Amino acid sequence: MVSQQLIDTLTDKQQELSTRIEAITQDFQKGRSADFAEQTTECENDQVLEGIRAEAKEELKQVNRALQRIKNEEFGLCPRCGEPIAEARLKTLPYKDFCINCAS
Ligand SMILES: [Zn+2]
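*Asks:* I'm lost on the overall build of the protein chain in this one. Help?
*Replies:* Counting its regular elements, the protein chain contains four helices and zero strands. Going residue by residue from the N terminus, the α and β elements of the protein chain occur as α-α-α-α. Each principal axis of the C-alpha atoms in the protein chain carries an extent, and together these give about 55 × 30 × 20 Å. Split into buried and exposed, the 104 residues of the protein chain put 9% on the buried side. When contacts within the protein chain are restricted to residue pairs at least 6 apart in sequence, those whose partners lie at least 24 apart make up 58%.

*Asks:* Just checking my understanding: could you explain the environment of arginine 80 for this structure?
*Replies:* Along the chain, the position of arginine 80 falls in the loop between helix 2 (36-71) and helix 3 (87-92). Classification of arginine 80 by C-beta neighbours within 10 Å gives exposed; the count is 12. Sequence separation of arginine 80 and phenylalanine 98 is 18 residues, and the distance between their C-alpha atoms is 6.8 Å. Other than its neighbours up to four places away in sequence, arginine 80 contacts Phe98 and Cys102.

*Asks:* Sorry if this is basic, but what is going on with unusual backbone geometry here?
*Replies:* Excluding glycine, residues mostly have negative phi values, and the peptide bonds linking residues are mostly trans. Although it is not a glycine, glutamate 73 adopts a positive phi angle of roughly 55°. Position of glutamate 73 among the secondary structure elements: in the loop between helix 2 and helix 3. Assessed through the 10 C-beta atoms surrounding it within 10 Å, glutamate 73 is described here as exposed.

*Asks:* Would you take a moment to explain the nonpolar core for this structure?
*Replies:* Looking at soluble globular proteins, one finds that nonpolar side chains tend to be buried together. Counting residues in each nonpolar core, the largest one holds six residues, listed as Leu10, Leu17, Val63, Ala66, Phe75 and Tyr95. For this core, the secondary-structure elements that each account for two or more residues are helix 1 (4-29) and helix 2. Non-local contacts of alanine 66, meaning those with residues more than four positions away in its chain, are made with Leu10, Phe75, Pro94 and Tyr95.

*Asks:* Before we go on, may I ask you to explain the environment of proline 84 in this structure?
*Replies:* Note that proline 84 resides in the loop between helix 2 and helix 3. Overall, the presence of 11 C-beta atoms within 10 Å leaves proline 84 in the exposed class. Separated by 15 residues in sequence, proline 84 and cysteine 99 have C-alpha atoms that sit 7.4 Å apart. Beyond its immediate stretch of four places on either side in the chain, proline 84 contacts Gly76 and Leu77.

Conventions and cut-offs
Residues numbered from 1 in each chain as written. Predicted model: local features only at pLDDT ≥ 70, side-chain atom pairs only at ≥ 80, totals over all residues. Helix = DSSP H or I, 4+ residues; strand = E, 2+ residues; numbered from the N terminus. Buried ≥ 20, exposed ≤ 12 C-beta atoms within 10 Å, placed from the backbone. Contact = placed C-beta atoms within 7 Å. Core = buried A, V, L, I, M, F, W, Y, C linked by C-beta atoms within 7 Å.

As structure tokens, then:
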């Protein structure tokens, strides 16, 4: 029922997101310049980066859950209503948790 291709897609996505989160985290740890004007710019950048990181983390959680559900052979069923999730939705957004009714 779950194709190897889907598992590969999710695994790739998991890798990609982890790398992105790691890169942003390292960027935060690099230290700051002494120049005040630059600090202001960096501060704004930080906010943008923090937003991207939070988004990536949230997406990573969804990917992890999807992989977990594949392991448990629950993949493709909406955890909220138990109905099968439309195949088209699974194809475009394979790591979304809920069916279209519950997600909206
Ligand atoms: Zn549902």
